[in-house]
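# Structural overview for review
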Amino acid sequence: MKKWLLLLLSCTLVFTLAACSEGSGKDVTGGVEIKQVSDMKGTVRVALAGWQLDNGINAQTGNPTIGLTEYMDKTFKKMYPNIKVELYQIPWENVKAKQTAMLMSGDADVLYTGGAFASQWYQDGLLRDLDDLIKEDTSFDPGIYLDGIMNNSYSTKSPDGSKQFGIPAVLGRRMTIYDKKLFSDWGVEGLTEKATPEEILEKAKKMTGKNPKTGEQNYGVYWSGNSLNGSTFVALTLAFGAKGAEGSLKDVKSIKWHLNTPEMVKVMEWLKEAAKLPPAGFITAQGAENFGLEKNNIAIALDSTGGATMNEFIANNNKDLLDRFEPVMNMGPKGEGWVAVDPFVMAKNAKDVKASWEVLKFLTSPMTQKYTYENFAMTPTIKQADFVKPEDKYVKKALDIANVGHSELMDEANPFYMSDIVPAVNGFISKAASGNAPDIQQFLDDLQDRAEKWSANLK
């Protein structure tokens, strides 16, 4: 079975910490002296979604990067010289199917993956609870992680919130960012720190059209109109108090759906109005290629990352762009929105649980998060991320948003949300952008009926 799996993973590179590659000669520890901490023996197989194993170059900044193989060789291998770690790198494009196969065949002990995948695997009984390991390990402090994603996320917690199955490793960045230059051109006051949907829509309408100073076409607002997880829709449901559903993923058959409520009508009315304002390509996630850069023509970007601006700063020390593009919180009542969390998890049938825990714990540690941030701009999940660049206001804002975040049933961990609600909402947005929005109440009544039938037909 092992040979067949390795054949299946034809694009997967398999490395062990004993493997030799040319070292970078750079310090990856931040000056910390690495010493042996245990003579524990074992072998741990780690399946990683998308991580870079070899040294290389960051295509966005041109800076050299140190791959995970060298990092582990200089750190974990010295701390645990008798634990052999096998690293399997799997491209994101096929990661769910391949990691699922590894779990079912017993060919992985520790995995880094997407939060929705982890949640589904847990519900399918493929992952191990970590509570006993956390309780027994006095060296591990769960309090170092952001509360919103450690304790209130379907990516790390069981559906009823009673069990910890994942440790958050990488955070998704989704915040509202506005262009101060365009606001100034139009004479519009900047966004408040917790800008509401109403404020955003009002100001976006004022800045859609020919720029009074440059004569160029400007667009008031932008978001991805075909988002796979409907992140902007999630933020709007939070802002308008539209629950959408009540219950638990532990018992999806008993979920009570509230998709055609007055609050949800307000969500769809906002989308209908706002869909007139972005560039036409937004319905296929196009049209914002210059957001965060000098030639930008969009005033407000929802669920944005700040990545383009920070890359420009790192590559060319362009502080003007940093000053120009300002992040604020997301649209929820506390500034929250949908927060993507990618965790490390442990297989239910991990062969060496103690060694696997040491590897999992290390790969989610502040030291490793510092390494992934500095080399690959991954967003950390810890409260005291003092290694974040002082200029990186986008990561800092993402951490603020994540700290007040929480999972709801309008979430990618909900099967019906992903299979039916998101495609339906994206279809509504597409029609609204062309001036042919469906009747909102009828649209929501139909969605409510489909949801109730879906729950009723579950076995």
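Conventions and cut-offs
- Residues numbered from 1 in each chain as written.
- Predicted model: local features only at pLDDT ≥ 70, side-chain atom pairs only at ≥ 80, totals over all residues.
- Heavy atoms only, no water.
- Core = buried A, V, L, I, M, F, W, Y, C linked by side-chain atoms within 4.5 Å.
- Buried < 20%, exposed > 50% of the residue type's maximum accessible area, 1.4 Å probe, protein only.
- Helix = DSSP H or I, 4+ residues; strand = E, 2+ residues; numbered from the N terminus.
- Contact = heavy atoms within 4.5 Å.
- 1 Å grid on protein atoms, 1.4 Å probe; cavity = no way out; pocket = protein on both sides within 12 Å on 5 of 7 lines; lining within 4 Å.
- Points joined across faces, edges and corners; volume = space filled by probe spheres on them.
- Nonpolar A, V, L, I, M, F, W, Y, C, P; charged D, E, K, R; others polar.
- Phe/Tyr/Trp six-rings, centres within 6.5 Å; stacked < 30°, edge-to-face > 60°.
- Pairing = 2+ DSSP bridges.
- Salt bridge = Lys/Arg side-chain N within 4 Å of Asp/Glu carboxyl O.
- Axes fitted to C-alpha atoms, helices over the stretch in contact; angles between N-to-C directions.
- Parallel < 35°, antiparallel > 145°, perpendicular 65-115°, else oblique.
- Left-handed = near helix turned anticlockwise from the far one by under 90°.

In the annotation of an unreviewed UniProt entry, the protein chain is listed under the name Sugar ABC transporter substrate-binding protein and assigned to Paenibacillus cineris.

### Observations regarding the nonpolar core
Core analysis: the biggest nonpolar cluster contains 143 residues, and Leu271 and Ile300 have the highest contact counts within it. In terms of residues, this core owes the most to one element, helix H17 (residues 415–433), which gives nine residues. For Ile300, the contacting residues outside a window of four places in its chain are Thr176, Ile177, Tyr178, Phe183, Leu191, Ile200, Ala204, Met207, Gly220, Val221 and Tyr222.

### Observations regarding empty space enclosed by the protein
Picture a little ball the size of a water molecule; that probe, rolled over the atoms, points out where space is still empty. Taken as a whole and judged by the stated rule, the model has five cavities of 30 Å³ or more. Within this model, the largest cavity holds a volume of roughly 80 Å³. Tallied by class, residues from the lining of the largest cavity come to three nonpolar, seven polar and one charged. A volume near 60 Å³ is recorded for the second largest cavity. As for the second largest cavity, its lining consists of Trp223, Ser224, Ser227, Gly230, Thr232, Phe233, Leu271, Val425, Asn426 and Ile429. For the lining of the second largest cavity, the elements supplying multiple residues, two or more each, are helix H10 (231–239) and H17.

### Thoughts on the packing of aromatic side chains
This structure, assessed with the given rule, holds 23 aromatic pairs. Ring centres of Phe117 and Trp121 lie 6.3 Å apart, and the angle between their planes is 45°; on these two criteria the pair is classed as tilted. One end of the pair is Phe117 and the other is Trp121, both in helix H5 (residues 115–123) and four residues apart, which spans about a single turn. Here Phe117 falls in the partly exposed class, since its relative accessible area comes to 22%. Here the aromatic rings of Phe416 and Trp454 are separated by 5.4 Å at their centres, their planes lie at 45°, and the arrangement is tilted. Taken together, the residues span a long stretch of sequence, with Phe416 in helix H17 and Trp454 in helix H18 (residues 440–456) at a distance of 38 residues.

### As for the layout of surface pockets
Size it by volume and the second largest pocket reaches roughly 450 Å³. Contributing to the lining of the second largest pocket are 21 residues, with Ala116, Phe117, Asn229, Glu412 and Met418 lying nearest its centre. Mapped by element, the contributors of at least two residues to the lining of the second largest pocket are H5, strand S15 (341–346) and H17. In terms of residues, the lining of the second largest pocket owes the most to one element, H5, which gives six residues.

### A short note on the sheet that holds strand S9 (residues 209–210)
Taken in spatial order, the five strands line up as S9-S10-S13-S8-S14 in an open sheet, and their pairing is mixed. Because the sheet does not close on itself, it has two edges, and the strands there are S9 and strand S14 (325–328).

### Some details on the pattern of salt bridges
In total, this model carries 21 salt bridges according to the counting rule given. Between Lys393 and Glu326 there is a salt bridge; the shortest N-O distance is 2.9 Å. Remark: Glu326 occurs in strand S14 and Lys393 occurs in helix H16 (residues 393–403); sequence separation between them is 67 residues. Sharing partners across several salt bridges, the network here consists of Asp137, Glu358 and Lys361.

### A few points about the packing of helix H9 (residues 197–206) against helix H11 (residues 262–274)
One can describe the packing of H9 onto H11 by two numbers: an axis separation of 11 Å at closest approach and a directional angle of 15°. In terms of their interaxial angle, H9 and H11 are classed as roughly parallel. Between H9 and H11 lies a crossing of left-handed hand. Seen from H9, the contacting residues are Pro197, Glu198, Ile200, Leu201 and Lys205; seen from H11, they are Trp270, Glu273 and Ala274. Here the contact of H9 with H11 is composed, by residue class, of five nonpolar, no polar and three charged.

### Section: the packing of H11 against H17
With their axes 8 Å apart at the nearest point, H11 and H17 run at an angle of 40° to one another. As far as their axial angle goes, H17 and H11 are oblique. Note that H11 runs across H17; the crossing there is right-handed. Between H11 and H17, the contacting residues are Met268, Leu271 and Lys272 on the first element and Val425, Phe428, Ile429 and Ala432 on the second.

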